[in-house]
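In case you want the letters, here they are:
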Amino acid sequence: MIKKNDPKSFWKWGITSIIFRLILIYFFPNNLTHLASRPEVSTPLTSLRRLAEGYWLKKHASISPYAGSMYHGSPLLLSVLGPLTVTRFDGIPGHILCSLLFVIADLAAALLLRATGQKLQSAYGHSLKSLGCDEAVGASDTYSCGDIAALVYLWNPLTILTCVGSSTSPIENFLVILSIYGACKRLIPLAAIGWVLATHISLYPAVLIIPLSLLIGYGPDAPSKKLFLQKSSGKAAENSADAGEPSLSFSWRPVIIFLLWTSAWSFYVLVLCGISVRQNGGIKEMFKRTFGFILTVEDLSPNIGVFWYFFAEVFDFFRNFFLLVIHMNIVFMILPLALRLKHRPCFLAFVYVAICSMLKTYPSVADSALCLGLLGLFINQLAEMHFSFVLFCGYVGVNLLSPVMHNLWIWRGTGNANFYFATAIAYAALQIIMVVDSTSAMLNHDRKLKKMCKST
């Protein structure tokens, strides 16, 4: 187990994970090409093959990259990654160069996770010391949550598959983690650009505006405000008011600055997009082909989600109604969770990411990789999760059975869509169990802290 103040162990395992990725990319290019076609790894929004076709349409056919039915991603991502997909540098194919870029994105995301975990652990230890509970829960402080979260992210097989499988998801995951890191450190411009770009690429990170605002306004995760108010003296509140530490009162000024920065970055991104697509239908066409494609579920090709099967079966007359109901499921859960977990905004961000990974229209294993990486940030508080072994076995089983069921259905003809859909339902059930069990464990941890404070 990774202990505190043991950076050598982290760097040893972290560098080994990067070397492992490079070996897969260099020695097994043909297998990686096959992996890029897997619906669990690449989606209509994250497929590098679709991005390459969109770039070809724009540069060589001189038509809109959205003219066909293939590309539905950001024009900025097309401008950055597109040249790499069709260019060779010293004999190295373009898709290999993109994979190397994704390796860098994974490493950067892991380092940001590590720094975020160190900040959370430091702030949480300060809060416990203010409450006088540091000695009672001192045993849980022996594990470095930042190092564990980073290594869980780097060594997760789902992260590795996404990185080497020609999917743009590592960039999206990096931007989500960047926004959380910036908010945790109160680097407001950094948090704003991370959130804006992540939302621009995938739309669903838009819900993170609430936990990011709470993280900037309150500071890193801390015990509930009621615990501090139980102390007879104001010493606890005074000690927790240090710069960057959890605060008892909500500070509106940095949140307003954050919203101004998000507005400025959003305007800048839209200007760049407008320049990129000015001859291809403009901003209106871009929104229709990207966000509209996400919300209307136009592509019903199989994936590890449940919507493709549902909308393939539903009558067209009810399609718009069910689209509204399904998307509102995310919206309805935002406010209650924010009210209950406002003192733990970073954990709230994890819960939102997990919910979106379950309810988004085009999910992939990269969403689970991000969730499990963020879950590692709270390993000390969630030590008493009841279904951790069930979740581990479930994830292993689903990820092994999913390609088998897909092969039986599509290639061998000995199965049908229900075979593959069963693994999608199991995946969604695992996501639900993870959200419920982790939230319950966190609330139980808060209750134990309350009892400890009363006894001290």
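Residues numbered from 1 in each chain as written. Predicted model: local features only at pLDDT ≥ 70, side-chain atom pairs only at ≥ 80, totals over all residues. Heavy atoms only, no water.

Going by an unreviewed UniProt entry, the protein chain carries the name Phosphatidylinositol glycan anchor biosynthesis class U protein and comes from Saponaria officinalis. Annotation of the protein chain in UniProt includes, under Subcellular location (unreviewed entry), the sentence "Endoplasmic reticulum membrane". Database annotation for the protein chain, UniProt heading Pathway (unreviewed entry): "Glycolipid biosynthesis; glycosylphosphatidylinositol-anchor biosynthesis." (UniProt positions renumbered as here; feature names shortened; annotations may be inferred.)

Engineer: How should a nonpolar patch on the surface be read in this particular structure?
Structural biologist: Taken together, the side chains of Trp11, Ile15, Ile19, Ile23, Tyr26, Phe27, Phe28, Leu107 and Leu111 define a hydrophobic patch exposed on the protein surface, amounting to about 880 Å² of accessible area. The element contributing the most residues to the nonpolar patch is helix α1 (residues 7-27), with six residues. Along the polypeptide, Ile15 turns up in helix α1. Residue classification places Ile15 among the partly exposed residues on the basis of a relative accessible area of 47%. (Patch = residues over 30% accessible without salt bridge, like charges linked within 9 Å, V, L, I, M, F, W, Y side chains within 5 Å. Areas by Shrake-Rupley, 256 points an atom, 1.4 Å probe, with all protein chains shown as cover. Salt bridge = Lys/Arg side-chain N within 4 Å of Asp/Glu carboxyl O. Helix = DSSP H or I, 4+ residues; strand = E, 2+ residues; numbered from the N terminus. Buried < 20%, exposed > 50% of the residue type's maximum accessible area, 1.4 Å probe, protein only.)

Engineer: For this particular structure, what's the right way to read the side chain of Thr262?
Structural biologist: Considering the arrangement of structural elements, one finds Thr262 in helix α13 (residues 252-276). In contact with Thr262, not counting residues within four places along its chain, are Ala192, Trp195 and Val196. (Contact = heavy atoms within 4.5 Å.)

Engineer: Help me understand the nonpolar core, please; the structure alone is not making it clear to me.
Structural biologist: It is characteristic of soluble globular proteins that their nonpolar side chains tend to be buried jointly. Membership of the largest hydrophobic core comes to 123 residues, with the highest contact counts inside it found for Phe350, Phe378 and Met434. Looking at this core element by element, the count peaks at 13 residues for helix α18 (residues 345-359). Discounting residues that sit within four places of it in the chain, Phe378 has contacts with Leu120, Asp221, Cys346, Phe347, Phe350 and Met442. (Core = buried A, V, L, I, M, F, W, Y, C linked by side-chain atoms within 4.5 Å.)

Engineer: Hey, could you run me through the pattern of salt bridges in this one?
Structural biologist: Opposite charge on two side chains permits them to pair, given that their charged atoms come into close proximity. Following the criterion strictly, the structure yields nine salt bridges and no others. One salt bridge connects Arg21 with Asp106, and the closest N-O pair in it is separated by 3.3 Å. Placement of the pair is Arg21 in helix α1 and Asp106 in helix α5 (residues 94-131), with a sequence separation of 85 residues. The class of Arg21 is buried, set by a relative accessible area of 0%. On the accessibility criterion, Asp106 (1% relative accessible area) is buried. A salt bridge links Arg344 to Asp446; the nearest nitrogen and oxygen atoms lie 2.6 Å apart. Of this pair, Arg344 sits in the loop between α17 (319-340) and α18 while Asp446 is found in helix α21 (residues 417-455), placing the two residues 102 residues apart along the sequence. Residue Arg344 shares its accessibility class with Asp446, and that shared class is buried. Through salt bridges that share partners, Glu172, Lys360 and Asp367 make up one connected network.

Engineer: I keep staring at the side chain of Ser42 and nothing clicks. Help me out?
Structural biologist: For Ser42, the location among the structural elements is in the loop between α2 (29-35) and α3 (48-59). Looking at Ser42, its side chain comes within polar contact range of the main-chain oxygen of Ala36, at 3.1 Å. Aside from chain neighbours lying at most four places away, what touches Ser42 is Ala36, Ser47, Gly165, Ser166 and Ser167. (Polar contact = N/O pair within 3.5 Å; in protein donor to acceptor, adjacent residues only side chain to side chain.)

Engineer: Hey, could you run me through α17 in this one?
Structural biologist: Because an α-helix completes one turn every 3.6 residues, residues spaced three or four positions apart along the sequence face the same direction. The first and last C-alpha atoms of α17 sit 33 Å apart over 22 residues, in line with the 32 Å expected at 1.5 Å per residue. At Met328, α17 shows its maximal kink, close to 30 degrees. All of the buried residues in α17 are Arg319, Leu323, Ile326, His327, Ile330, Ile334, Leu337 and Ala338. Each element contacted by the buried residues of α17 is listed here: α10 (209-218), α15 (291-296), α16 (307-313) and α18. (Expected span 1.5 Å × (residues − 1). Bend = angle between axes of the 7 residues up to and from the residue.)

Engineer: Just checking my understanding: could you explain the confidence of the model for the protein chain for this structure?
Structural biologist: Interpreting fine coordinate detail is not advised for predicted regions of low pLDDT. Taken residue by residue, the protein chain gives an average pLDDT of 85. The fraction at 70 or more is 87%. Segment residues 232-244: pLDDT under 50, and 17 contacts once partners within four positions in sequence are set aside and those in other chains are kept. (pLDDT = per-residue confidence, 0-100.)

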